[in-house]
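What follows is each chain in one-letter form.
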Amino acid sequence: MTQVLLCGAAIVTLSMGIRHGFGLWLQPVTTERGWTRETFAFALAVQNLAWGLAGPFAGMLADRFGAFRVLVAGALLYALGLVLMALSTSGLAFTGSAGLLIGMAQSGTTYAVIYGVIGRHVAPEKRSWAMGVAAAAGSFGQFLMVPVENGLIAGLGWQSALFVLGAVALAIVPLSFGLREPRALPAGSGMPQQSVGAALKEAFGSRSFRLLTAGYFVCGFQVVFIGVHLPSYLKDHGLAPQVATTALALIGLFNVIGTYAAGVLGQRLAKRHILSAIYALRAVAITAFVTLPLSPLSVYVFSAVMGVLWLSTVPPTNAVIAQIFGVRFLSMLGGFVFLSHQLGSFLGVWLGGKLYDATGSYDVVWWIAVALGMFAALVNQPVREHPIARPAVASASSAA
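Each value, and the rule that gives it
Residues numbered from 1 in each chain as written. Predicted model: local features only at pLDDT ≥ 70, side-chain atom pairs only at ≥ 80, totals over all residues. Heavy atoms only, no water. pLDDT = per-residue confidence, 0-100. Contact = heavy atoms within 4.5 Å. Domains from an automatic or database assignment. Buried area = accessible area lost by both parts, 1.4 Å probe. Salt bridge = Lys/Arg side-chain N within 4 Å of Asp/Glu carboxyl O. Polar contact = N/O pair within 3.5 Å; in protein donor to acceptor, adjacent residues only side chain to side chain. Helix = DSSP H or I, 4+ residues; strand = E, 2+ residues; numbered from the N terminus. Nonpolar A, V, L, I, M, F, W, Y, C, P; charged D, E, K, R; others polar. Phe/Tyr/Trp six-rings, centres within 6.5 Å; stacked < 30°, edge-to-face > 60°. Buried < 20%, exposed > 50% of the residue type's maximum accessible area, 1.4 Å probe, protein only. Core = buried A, V, L, I, M, F, W, Y, C linked by side-chain atoms within 4.5 Å. Patch = residues over 30% accessible without salt bridge, like charges linked within 9 Å, V, L, I, M, F, W, Y side chains within 5 Å. Areas by Shrake-Rupley, 256 points an atom, 1.4 Å probe, with all protein chains shown as cover. Expected span 1.5 Å × (residues − 1). Bend = angle between axes of the 7 residues up to and from the residue. Arc of directions from axis to C-beta.

Student: Let's hear about the confidence of the model for the protein chain: which residues, and what values?
Tutor: Chain-level pLDDT for the protein chain is 86 on average; 94% of the residues reach the 70-or-more range. Predicted confidence is poor over residues 184-191, with pLDDT under 50, and the contacts of this stretch with residues over four places away or in other chains come to six contacts. Note that residues 393-400 has pLDDT below 50 and, in this model, one contact with residues that lie over four places away or in other chains.

Student: Help me get a handle on the domain arrangement of the protein chain, residues and values and all.
Tutor: Domain annotation for the protein chain reports domain 1 (1-180) and domain 2 (196-385). Here the C-alpha centre of domain 2 lies 18 Å away from the C-alpha centre of domain 1. Contacts between the two partners involve 51 residues from domain 1, matched on the other side by 55 residues from domain 2. Summing both sides of the interface, domain 1 and domain 2 together bury roughly 4300 Å²; the carbon and sulfur share of this comes to 67%. In terms of surface lost to domain 2, no three residues of domain 1 exceed Arg-37, Glu-38 and Ser-128, which account for 14% of the buried area on that side. In this structure, the connection of domain 1 to domain 2 is made through two salt bridges. The interface formed by domain 1 and domain 2 includes 10 residue pairs in polar contact (both at pLDDT 80 or more). The set of elements that each furnish at least two residues to the side of domain 1 that touches domain 2 consists of helix 1 (2-20), helix 2 (26-33), helix 3 (37-65), helix 6 (111-121) and helix 7 (124-156). Of the residues assigned to the side of domain 1 that touches domain 2, the class counts are 28 nonpolar, 15 polar and eight charged.

Student: Kindly report on the packing of aromatic side chains, identifying the contributing residues and their values.
Tutor: Inspection of every chain in the model, using the stated rule, returns 20 aromatic pairs. Centroid distance Phe-225 to Tyr-362: 6.0 Å. Interplanar angle 65 degrees. Geometry classified as edge-to-face. Separated by 137 residues along the polypeptide, Phe-225 in helix 11 (residues 207-236) and Tyr-362 in the loop between helix 16 (330-359) and helix 17 (363-379) bring together distant segments of the chain. Per residue, the accessibility class of Phe-225 equals that of Tyr-362, and both read buried. Ring centres of Phe-289 and Phe-302 lie 4.0 Å apart, and the angle between their planes is 15 degrees; this geometry places the pair in the stacked category. Residue Phe-289 is located in helix 13 (residues 271-291), and its partner Phe-302 is located in helix 14 (residues 296-309); the two are separated by 13 residues in the primary sequence.

Student: A description of the nonpolar core should follow, citing residues and the corresponding values.
Tutor: Among the nonpolar cores identified, the biggest contains 119 residues, and Trp-25, Ile-118, Leu-234 and Trp-366 are the most heavily contacted of them. Looking at this core element by element, the count peaks at 15 residues for helix 11. When residues of this core are assigned to domains, at least three fall in each of domain 1 (1-180) and domain 2 (196-385). Ignoring anything within four residues of it in the chain, the contact list for Trp-25 reads Phe-40, Glu-149, Ile-153, Trp-158, Ala-161, Leu-162 and Leu-165.

Student: Help me get a handle on the environment of Phe-140, residues and values and all.
Tutor: The topology assignment puts Phe-140 in helix 7. Phe-140 gets classed as partly exposed once you look at its relative accessible area, which sits at 40%. Measuring from C-alpha to C-alpha, the distance between Phe-140 and Met-16 comes to 9.2 Å, with 124 residues separating the pair along the chain.

Student: Give a description of a nonpolar patch on the surface that names residues and reports values.
Tutor: A grouping of Leu-80, Leu-84, Leu-87 and Phe-163 is seen on the molecular surface, where their side chains present a nonpolar patch of about 340 Å² in accessible area. Structurally, Leu-87 is set in helix 4 (residues 67-87).

Student: Give a detailed account of helix 3, specifying residues and quantitative values.
Tutor: Owing to its 3.6 residues per turn, the α-helix aligns residues three or four sequence positions apart on the same side. Taking 1.5 Å of rise per residue, 29 residues should cover 42 Å, and helix 3 covers 40 Å from first to last C-alpha, within 8% of that figure. At Gly-55, helix 3 shows its largest bend, some 40 degrees, and a proline, Pro-56, comes one to four positions later. Count one or two residues on from helix 3 and you reach Gly-66, which has phi positive near 95 degrees.

Student: Account for the pattern of salt bridges, with residues named and values stated.
Tutor: Oppositely charged side chains are able to pair whenever their charged atoms sit close together. In this structure the tally under the stated criterion is three salt bridges. In this structure, Glu-38 engages Lys-354 in a salt bridge whose closest nitrogen and oxygen atoms are separated by 4.0 Å. Taken together, the residues Glu-38 in helix 3 and Lys-354 in helix 16 connect sequence positions 316 residues apart. What makes Glu-38 partly exposed here is its relative accessible area of 23%.

Student: Give me the environment of Pro-124: which residues, what numbers.
Tutor: For Pro-124, the position within the fold is in helix 7. Taking relative accessible area as the criterion, Pro-124 reaches 56% and is therefore assigned exposed. Placed 143 residues apart in sequence, Pro-124 and Gln-267 show a C-alpha to C-alpha distance of 9.4 Å.

Student: Describe the side chain of Ser-232, listing the residues and the values that go with them.
Tutor: Among the structural elements, Ser-232 can be located in helix 11. Given the relative accessible area of 1%, Ser-232 is considered buried.

Student: Can you explain helix 2? Please cite residues and give values.
Tutor: Considered for burial, the residues of helix 2 that qualify are Leu-26, Gln-27, Val-29 and Thr-30. Looking straight down helix 2, one finds that the buried residues subtend no more than 165 degrees of arc, so they occupy a single side. Buried residues along helix 2 sit against helix 3, helix 5 (91-107), helix 8 (158-169) and helix 11. In the stretch just after helix 2, Gly-34 is the one whose phi turns positive, near 75 degrees.

Printed below as a string of structure tokens:
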């Protein structure tokens, strides 16, 4: 278990840490290339959509053949996407590299794949905690990598900075060896021998699964809109670039606390209540941020609060899926829920650029994020967390 946690946490640190700083590239890239913000935002919107669409397939492969092969392929795609992102000279090429390739890479190097391995190697009574540890590692990566990426851009230029990050992404390959699994379930493992089709029919027939999926859409919309557009929002209001860098780093730092705390609380409290509280508090925090006077202090307070709430939805959401449906297809089912998250991410990042270009302001998108937060707080309340009944599997086991 220790090896799985350490290697999984290190992989998430790299994969999530690299992507968290992409908003720092918005202004240097668009300025040098002569593109609109919508061009950059659309590429990152495609990235999030590709990540989500590829997620279930990456999860299926990881559940069937083990995470190792998926992680290695994802690391190679990540490095290639970062290099081509630096070399792209047209909006279409930028969308293909920063969007399609990196999005596909992230589907194989982030939470769905890692959590599947954790779920299969950690006892149920420690599972939520272990998922919180992995999510906290990803949060630490955000805190660590934002100032690193800002320093690379300042010292080497934005293109060379991407080349360096491409080399960093390759470090995922050796770490993947710590997550190697058997290709098939061992005999007598006690896991229900469902087919993929049966597992999907069971999940999508569950009201709780659909509600979790709807709530996760909101999570994606909020965090990716803020992560990509906050630096430009602050610059538009006359704040120094260092304020944005510090804000993103604070989100990452306090996210360590929030994700770990969510994992620990998930062992003690109903996870639906944790999720509802997170979404409601996000709505309150955003409302305060856009209505109170803007200053470096207000930005830092907002970033700290949002950091606590940032990815704290991840451990309880995935732990609920494992609790209801078991861990046999956890990577795949987590991938489908995450697809909803990424559809929200696509809409949040693209709508931010689209409405900014149309109105010269991000105000409308901020208020959409508030309304969606209240919606998610409500839809998570009816989620039922007990394991799903499987009469057919139970009967077959009894007969055997």
